[in-house]
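Single-letter residue listing:
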Amino acid sequence: MLIKPTEEELKEDFEDSIDFIIYNAGEFPANRFTTGMTSKASVALNFKTREMIILGTQYAGEMKKGVFTVMHYLMPLKNNLSLHSSCNQSMKDKEDVALFFGLSGTGKTTLSTDQHRYLIGDDEHVWTDKGVFNIEGGCYAKCDGLKEENEPDIYRAIRYGAVVENVVYDESTRQIDFNDLSITQNTRCAYPLNYIANAKIPAVTKYHPKNIILLTCDAFGVLPPVTKLTSAQAMYHFISGYTAKVAGTEVGITKPTATFSACFGSPFLIFHPQRYANLLAEKMEKFNCHAYLVNTGWIEGSAESGVKRCPLKYTRMIIDAIHGGKIREESTEFEKLDHFGLAIPKTVEGVPDSLLNPRNLWEDKEAYGKQLKHLAGLFKKNFAQFADGASKETLAAGPQ
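Values in this document were obtained by computation on a predicted structure and should not be read as measured data.

Peer 1: When you look at the environment of Lys65 in this model, what are you seeing that I'm missing?
Peer 2: Within the secondary structure, Lys65 sits in helix α2 (residues 61-77). In the structure, Lys65 is positioned 19 residues away from His84 in sequence and 9.9 Å away in space, judged by C-alpha atoms. Side chain to side chain, Lys65 and Glu124 meet in a polar contact 3.4 Å long.

Quick look at the structure:
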């Protein structure tokens, strides 16, 4: 979960230089009668004593997310930006670094794992004036329906030394059934970063991101597979952190439901989201970085209509075009997305033009318009909670 210390580091005396101590007692439940306690699970942080206590949960992610919360407090104080993102770097052009933001199920780990690019990390990073570094020493990938032909790097990383959670397997052959979600939808595997053949070790780069990719899985089926964002729009959609849940993923979810998580990591934020968004915009401007919103979800209709998600092969072509700088070329023509004002490219190499604007794919154009307006309203309703601390520039960049 965290970076493994070197042999030399283990020889050091940490008595007077401990950064943080984690007390993990996951099998011991928290006292529900304690003021403010709502369940048997508790993750408590004390920044003064530099201690973290985990009670009542054996979810492996609590340790790394606890440390991530600590970084969300410490890093902005140094004008560094802590990010709930994956990060990779081109093998041919070391200055070509990309950040991927996205909530669970949007494809963040899948799309950042690319055989032509070094993987710096898949979940937690810090962007400083000296480049980007990974907070973790490994990856924590979803295993739902995992197949070697679709995600070979992740599939091959699940071997001796990796840890799987909530999966069903044959006790005699120890073969995992990745399609069996009877325990939970959230099946996971944690593995060391060096289990990925093209991982960059140490997981740090002195170069700055050229592209930022905000991933969403739009179950309403109205957002284009890719739009180019202005700096202000990047701040707005970074703060919004939108994706959608579909029927069957959670108890009680019977239709597409919007989910927003500020900065794609709301539970881990210490300050107002605008503070992190300002740091993002400052670094984008300083290092000439471009931003895109990529929808890996539905585009031909809503999830409940029965149509399939945007084909992964086309999403990968879009990502390749972003890496190659083709979408930001001066010759690229754009059209505006109603209500949102986002720039939709009219062509992307390898992707049928008709797929780039969902309006072209919906048989019922009026229904599409209503659905798009409905989603815009959900964005505005969600953002109202941040309005008091948000800049005028960010507010103006949202749906109108």
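More follows now that the structure is in view.
Peer 1: For this particular structure, what's the right way to read a nonpolar patch on the surface?
Peer 2: Residues Leu45, Phe47 and Ile270 make up a contiguous nonpolar surface patch of about 210 Å² in total accessible area. On the basis of relative accessibility, which here comes to 31%, the residue Leu45 falls in the partly exposed class.

Peer 1: Help me out: how do you make sense of the pattern of salt bridges in this one?
Peer 2: Should their charged atoms come close, side chains of opposite charge can pair. Inspection of the entire model under this criterion finds 14 salt bridges. Here Lys65 ties to Glu124 by a salt bridge, and the two come within 3.4 Å at their closest N and O atoms. Of this pair, Lys65 sits in helix α2 while Glu124 sits in strand β7 (residues 124-128), and the two are 59 residues apart along the sequence. On the basis of relative accessibility, which here comes to 12%, the residue Lys65 falls in the buried class. The class for Glu124 is buried, based on a relative accessible area of 0%. Salt-bridge contacts for Asp93 lead to Lys210; the nearest nitrogen and oxygen are separated by 3.3 Å. Of the two residues, Asp93 is situated in the loop between β4 (81-90) and β5 (97-101) and Lys210 in strand β15 (residues 209-216); the sequence distance between them amounts to 117 residues.

Peer 1: So what exactly am I meant to see when it comes to helix α7 (residues 312-323) here?
Peer 2: Residue pairs spaced three or four apart in an α-helix point in one direction, given the helix's 3.6 residues per turn. Relative to the 16 Å expected for 12 residues at 1.5 Å per residue, α7 spans 16 Å between its end C-alpha atoms, a close match to the ideal helical length. Immediately downstream of α7, the backbone of Gly325 shows phi near 75°, a positive value.

Peer 1: Where do I start with the layout of surface pockets in this structure?
Peer 2: Using a probe with the size of a water molecule, rolled over the atoms, empty space left in the structure can be pinpointed. Taken as a whole, the second largest pocket encloses approximately 940 Å³ of empty space. Contributing elements (two or more residues each) for the lining of the second largest pocket: α1 (7-10), β1 (21-25), α2 and β8 (131-134). No other element matches α2, which puts 6 residues into the lining of the second largest pocket. Among the residues making up the lining of the second largest pocket, the classes are represented as 19 nonpolar, 2 polar and 5 charged.

Peer 1: Explain the packing of helix α5 (residues 231-240) against helix α9 (residues 365-383) to me, please; I cannot follow it from the model alone.
Peer 2: A pair of packed helices is characterised by two quantities: the angle between their axes and the separation of those axes. Packing of α5 against α9 brings their axes to within 10 Å, and their N-to-C directions diverge by 80°. The angle between α5 and α9 falls in the class roughly perpendicular. Packed against α5, whose contacting residues are Tyr236, His237, Ile239 and Ser240, the element α9 presents Phe379, Lys380, Asn382 and Phe383 at the interface. Among the residues making up the contact of α5 with α9, the classes are represented as 4 nonpolar, 3 polar and 1 charged.

Peer 1: How should the sheet that holds β1 be read in this particular structure?
Peer 2: Through backbone hydrogen bonds, the strands of a sheet pair up, either in parallel or in antiparallel fashion. Sheet architecture is open: 3 strands sit in the order β1-β3-β2, paired in mixed fashion. Either end of the sheet is taken by a strand with one partner, and the two such strands are β1 and β2 (42-46). Averaged over all pairs of adjacent strands, the angle between strand axes in this sheet comes to 10°, irrespective of strand direction.

Peer 1: Explanation requested: the nonpolar core in the structure shown.
Peer 2: Nonpolar side chains in soluble globular proteins tend to end up buried together. In this structure, Trp127, Tyr191, Ile212 and Phe340 are the most contacted members of the largest nonpolar core, which totals 74 residues. Leaving out residues up to four positions away in the same chain, Tyr191 has contacts with Gly138, Cys139, Ala141, Ile154, Ala157, Ala162 and Ile196.

Cut-offs and rules
- Residues numbered from 1 in each chain as written.
- Predicted model: local features only at pLDDT ≥ 70, side-chain atom pairs only at ≥ 80, totals over all residues.
- Heavy atoms only, no water.
- Helix = DSSP H or I, 4+ residues; strand = E, 2+ residues; numbered from the N terminus.
- Polar contact = N/O pair within 3.5 Å; in protein donor to acceptor, adjacent residues only side chain to side chain.
- Patch = residues over 30% accessible without salt bridge, like charges linked within 9 Å, V, L, I, M, F, W, Y side chains within 5 Å.
- Areas by Shrake-Rupley, 256 points an atom, 1.4 Å probe, with all protein chains shown as cover.
- Salt bridge = Lys/Arg side-chain N within 4 Å of Asp/Glu carboxyl O.
- Buried < 20%, exposed > 50% of the residue type's maximum accessible area, 1.4 Å probe, protein only.
- Expected span 1.5 Å × (residues − 1).
- 1 Å grid on protein atoms, 1.4 Å probe; cavity = no way out; pocket = protein on both sides within 12 Å on 5 of 7 lines; lining within 4 Å.
- Points joined across faces, edges and corners; volume = space filled by probe spheres on them.
- Nonpolar A, V, L, I, M, F, W, Y, C, P; charged D, E, K, R; others polar.
- Axes fitted to C-alpha atoms, helices over the stretch in contact; angles between N-to-C directions.
- Parallel < 35°, antiparallel > 145°, perpendicular 65-115°, else oblique.
- Contact = heavy atoms within 4.5 Å.
- Pairing = 2+ DSSP bridges.
- Core = buried A, V, L, I, M, F, W, Y, C linked by side-chain atoms within 4.5 Å.

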